[in-house]
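# Tertiary structure, described
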Amino acid sequence: YSTASVVILFSSLLEVPRFCIFYYTGVYWSILEYTGVCTCVYRPQARVLDREGRQVAECPKGWQYIADMTNTEGHIAMVNCACWNPKVKDEFLTCSNDGTLRTWCAHEKKMQLQVIKSRDKHGRRIGLTTCAFSRDAKFIAGANADGDLQIWKSAGPFVRPSLQVQGAHTKGTETSCICFAHGNNNLISRGGDDTLKLWDARAFRRPVSTAVGLSNLFPMTECGFSPDEKLIVTGTSLRKGEDGGGKLVFFDRELNKTYQFTASDQSSVIRCLWHPKLNQLITGCANGKMKVFFSPKRSTRGAKLCVTKQKKRSSAIDDIPLNAPVITPHALPLFRETRPQSLKRKREKDRLDPVKSKKPQPPVGKQGAGGRVTTGSSLASYVRKMTAVSEVKDEDPREALLKYSEFTSENPYWVSPAYKSTQPKPVYQEEKDSDEEDE
């Protein structure tokens, strides 16, 4: 994330680089003059955005079941590196774990222009870790997972590399950066084997010189030339358990160490960019910080625009605390504000409040009040007891009916008045023996 911040801030601060390619397999970026951003986040598809963050185009994804990568419309594995063509403003280059380098046009409907396949010494497909254009865009360089450096002509053919060095860096390490010098005769490579190597394209079998002991723990650690190409700069990583921090190391053209200093305390230096016009060195560190180094005499604009500004002087009004309480002892009660009390005084006052102190309700006296009753623990139990005073379950039903017999004989109402004129004397069924009932 740290180097991503470097790119966006650097682009808006310096005003010269107007377009950046930004792809994110950890963090990787490069800058060139244009008006947009190209992003790729752990995907085989790169996206082109404008400076406001709106998507302009997206590279298509290839069909992963096709064996020949030249017949696919895009990458089928994660993109590891990208860079813009220094001569054609809307053309950029990407490399991926699928073993191909592809050139794209940001404003064409069919974005893919060319496909370059990388092979190891046995002719098998192998993934690429970094790629770069030469300064005049006549050559394309790439480094694969075996540590081989391969260079093709931009005009083709792409059947095999024009120049190749097998085992340029240790096999199994990730070569993090390739940078061309003007004239295309010299280039430098930063390896994951803690080395920095200078190459001559006219004698490409062995490096011209090698610098060792430069720790590299990130697959995007950068190296580059100074604006006049008299110096070479790169960053170093901080290993676990080591003291100090990441350093910026400067070499001459023969890779003789000339100067170094700690650029980030307790962190690694990943990205470094030496701007040719401003003469300022911008670094991105693993702890998420960006640092700009400049010379008070030789650098122009850039960070000097904000460093030279003086701190704003504070006036007497700024020293007055605006949030302090205003005490007005003779104010009317309507406008009087409560003074802040001590915590002990506030607790004593809250203790007297029955709501804040959650004071329990006192027991009910002889008479109920406020919906509370004197008998029972609740209103439901009181209603149940009042409606079911008589316990019917303990009463004999025969005795309960016979106690109304005298009252019904003296005051007949239903049955007796109906049969009084026709049947004054009641006739009851005669009882029969059990033997007659069986017959």
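I will try to describe carefully the structure that is included in this document.

Cut-offs used in this document
Residues numbered from 1 in each chain as written. Predicted model: local features only at pLDDT ≥ 70, side-chain atom pairs only at ≥ 80, totals over all residues. Heavy atoms only, no water. Helix = DSSP H or I, 4+ residues; strand = E, 2+ residues; numbered from the N terminus. Patch = residues over 30% accessible without salt bridge, like charges linked within 9 Å, V, L, I, M, F, W, Y side chains within 5 Å. Areas by Shrake-Rupley, 256 points an atom, 1.4 Å probe, with all protein chains shown as cover. Salt bridge = Lys/Arg side-chain N within 4 Å of Asp/Glu carboxyl O. Buried < 20%, exposed > 50% of the residue type's maximum accessible area, 1.4 Å probe, protein only. Phe/Tyr/Trp six-rings, centres within 6.5 Å; stacked < 30°, edge-to-face > 60°. Pairing = 2+ DSSP bridges. Axes fitted to C-alpha atoms, helices over the stretch in contact; angles between N-to-C directions. Polar contact = N/O pair within 3.5 Å; in protein donor to acceptor, adjacent residues only side chain to side chain. Contact = heavy atoms within 4.5 Å.

## Thoughts on unusual backbone geometry
Phi is mostly negative for residues that are not glycine, and the peptide bonds are mostly trans. Residue Pro 157 follows Gly 156 across a cis peptide bond; omega there is 0 degrees. Mapping Pro 157 onto the fold places it in the loop between β12 (149-153) and β13 (163-165). Positive phi values are uncommon outside glycine, yet Asp 194 reaches one of about 65 degrees. In this fold, Asp 194 is placed in the loop between β15 (186-190) and β16 (195-200). One non-glycine residue, Lys 358, adopts positive backbone phi at about 55 degrees.

## Topic: a nonpolar patch on the surface
A contiguous nonpolar patch, built from Tyr 413, Trp 414, Val 415 and Tyr 419 and spanning about 580 Å² of accessible area, is present on the exposed surface. Residue position: Trp 414 is located in the loop between α6 (405-410) and α7 (434-438). Judged by relative accessible area, Trp 414 falls into the exposed class, the value being 69%.

## Observations concerning the packing of aromatic side chains
By the definition in use, this model includes 8 aromatic pairs. Between Phe 250 and Phe 261, the ring centres sit 6.1 Å apart and the planes meet at 20 degrees, which makes this aromatic pair stacked. With Phe 250 in strand β20 (residues 245-252) and Phe 261 in strand β21 (residues 257-265), the pair connects residues that are 11 residues apart, well separated along the chain. For Phe 250, a relative accessible area of 8% translates into the label buried. An aromatic cluster is present here, built from Phe 250, Tyr 259, Phe 261, Trp 274 and Phe 293 joined pairwise through their rings.

## Regarding the pattern of salt bridges
Across all of its chains, the model carries 12 salt bridges by this definition. Its salt-bridge partner being Arg 43, residue Glu 58 comes within 3.3 Å of it at the nearest N-O pair. Here Arg 43 lies in the loop between β3 (36-41) and β4 (47-50) and Glu 58 lies in strand β5 (residues 55-58), a separation of 15 residues in the sequence. Accessibility expressed as a relative area gives 28% for Glu 58, which makes it partly exposed. Taking the relative accessible area as the measure of exposure, Arg 43 reaches 27% and is therefore partly exposed. For the salt bridge of Arg 135 with Glu 229, the shortest nitrogen-to-oxygen distance reads 3.6 Å. Remark: Glu 229 occurs in the loop between β18 (223-225) and β19 (231-235) and Arg 135 occurs in the loop between β10 (128-133) and β11 (139-144); sequence separation between them is 94 residues. In this structure Arg 135 comes out as partly exposed when scored by relative accessible area, which is 32%. Look at Glu 229 and you get buried, because its relative accessible area is 11%.

## Quick look at the sheet that holds β18
Taken in spatial order, the 4 strands of this open sheet run β18-β19-β20-β21, and their pairing is antiparallel. Since the sheet does not close on itself, it has two edges, and those belong to β18 and β21, each with one partner. Between one strand axis and the next, the sheet turns through 20 degrees on average, direction left out of account. Across 7 bridges, the pairing between β20 and β21 is antiparallel. Note on β21: the bridge partner recorded for Leu 248 is Phe 261.

## Things to note about the pairing of strand β9 (residues 112-117)
When strand β8 (residues 100-105) meets β9, the two strands line up antiparallel, connected through 5 bridges. Each bridged residue has a counterpart across the sheet, and for Thr 100 the counterpart in β9 is Lys 117. Taking the residues that link successive antiparallel strands as the turn, the β8-β9 hairpin has 6 residues.

## Concerning the sheet that holds β12
Read across the sheet, 4 strands follow the order β10-β11-β12-β13 without closing on themselves; strand pairing throughout is antiparallel. Either end of the sheet is taken by a strand with one partner, and the two such strands are β10 and β13. Neighbour-to-neighbour, the strand axes of this sheet turn through a mean angle of 15 degrees, independent of strand direction.

## Details of the side chain of His 75
For His 75, the position within the fold is in the loop between β5 and β6 (79-84). Polar contacts involving the side chain of His 75 include one to the side chain of Thr 100, which spans 3.3 Å. For His 75, the residues in contact, after removing those within four places along its chain, are Pro 44, Pro 60, Lys 61, Gly 62, Thr 94, Cys 95, Ser 96, Asp 98, Thr 100, Arg 102 and Trp 104.

## Describing the environment of Gly 235
Within the fold, Gly 235 resides in strand β19. Sequence separation between Gly 235 and Gln 260 is 25 residues; the distance between their C-alpha atoms is 9.6 Å. Setting aside its immediate chain neighbours within four residues, Gly 235 contacts Arg 190, Ser 215, Thr 221, Glu 222, Lys 247, Leu 248, Val 269 and Cys 272.

## Regarding the pairing of β4
Here β4 pairs with β5 via 3 bridges, running antiparallel. Counted as the bridge partner of Arg 47 is Glu 58 from β5. In textbook terms, the turn of a hairpin is the stretch between consecutive antiparallel strands, and for β4 and β5 this stretch comprises 4 residues, one of which, Gly 53, has a positive phi near 90 degrees.

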